[in-house]
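Structural description and commentary
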Amino acid sequence: TVFIPDGAWIDTMTGETVYGPQTVTVQAGLTQMPIYIKKGAVIPLADETLTVRAGDWSHLTLDVYPSTRHADTTLLYEDDTETNAYKEGALRLTLLTAGFTEGTATLTIAAAEGSFSGPRACTEREWTIRVHGSEHWGKLLRATLNGDDVDFARIERDPNAMPLNNKGGATDGDVYVIQFRAPVDQAQHLTFAFENPWDPQ
């Protein structure tokens, strides 16, 4: 039995949208995990690695679930992963904001604040942006990065996909992928123009 809070939530096992508040009964097999993602969310995903120290964190994926009604802010935290220097302020924070304005979905990666030392303190980062389409929105027509058009690839819906995977398709709909590299101390602003963006609730 799962309580679904207010808002529109994506059931990552089925791709269906569940609207709260309500309580639902969920059945899941041994190889499934019931995960609900709120529409409007932006979720940072790391590359697959055995431990936190195994990766250099110079590449990250942002999973974006656009919504006309809901916005989201997420704070990306980084430190050297090895010492207690973060207690003295040796850390870096990056604000991630997803929203919707003037008929267009938006994503802003703010300039990173703070610093730390070590091999994971990259000054540039490769970003992979995965924008999840909606059954009501139609196709993505245009994407921009800092005001300039940017290329994107479309991956068709995969009903057998793993939730929160940073590669391949997704259960909830088509995924549009944008990749770029940028200095971490410079803000990046992206927009996503769909055919007919609207949310029923």
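Described in the following lines is the structure provided in the data block. (Residues numbered from 1 in each chain as written. Predicted model: local features only at pLDDT ≥ 70, side-chain atom pairs only at ≥ 80, totals over all residues. Heavy atoms only, no water.)

In this section: unusual backbone geometry. In this structure, P21 follows G20 across a cis peptide bond, with omega equal to 5°. Along the chain, P21 falls in strand β2 (residues 17–24). Even without being a glycine, E102 presents a positive backbone phi close to 50°. Note on placement: E102 falls in the loop between β7 (91–101) and β8 (104–109). What makes E102 exposed here is its relative accessible area of 78%. Even without being a glycine, N146 presents a positive backbone phi close to 55°. (Helix = DSSP H or I, 4+ residues; strand = E, 2+ residues; numbered from the N terminus. Buried < 20%, exposed > 50% of the residue type's maximum accessible area, 1.4 Å probe, protein only.)

Here we take up the sheet that holds strand β4 (residues 42–45). Spatially, five strands are ordered β4-β5-β10-β14-β13 in an open sheet, and the strand pairing comes out mixed. Strands with a single pairing partner mark the edges of an open sheet, and in this sheet they are β4 and β13 (153–155). The average undirected angle you get between the axes of adjacent strands in this sheet is 25°. Of the pairings in the sheet, the one linking β4 to strand β5 (residues 59–64) comprises four bridges and is antiparallel in character. Looking at β5, one finds that L45 is bridged to T61. (Pairing = 2+ DSSP bridges. Axes fitted to C-alpha atoms, helices over the stretch in contact; angles between N-to-C directions.)

A few words now on the nonpolar core. Within the largest apolar cluster, 25 residues are counted, with the highest numbers of intra-cluster contacts made by L62, I129, F180 and F192. Looking at this core, the elements with two or more residues in it are β5, β7, β8, β10 (124–132), β11 (140–145), β14 (175–183) and β15 (188–194). Per element, the largest residue contribution to this core is four residues, and it comes from β14. One finds I4, W9, V18 and Y36 within the second-largest nonpolar core, a separate group that totals five residues. (Core = buried A, V, L, I, M, F, W, Y, C linked by side-chain atoms within 4.5 Å.)

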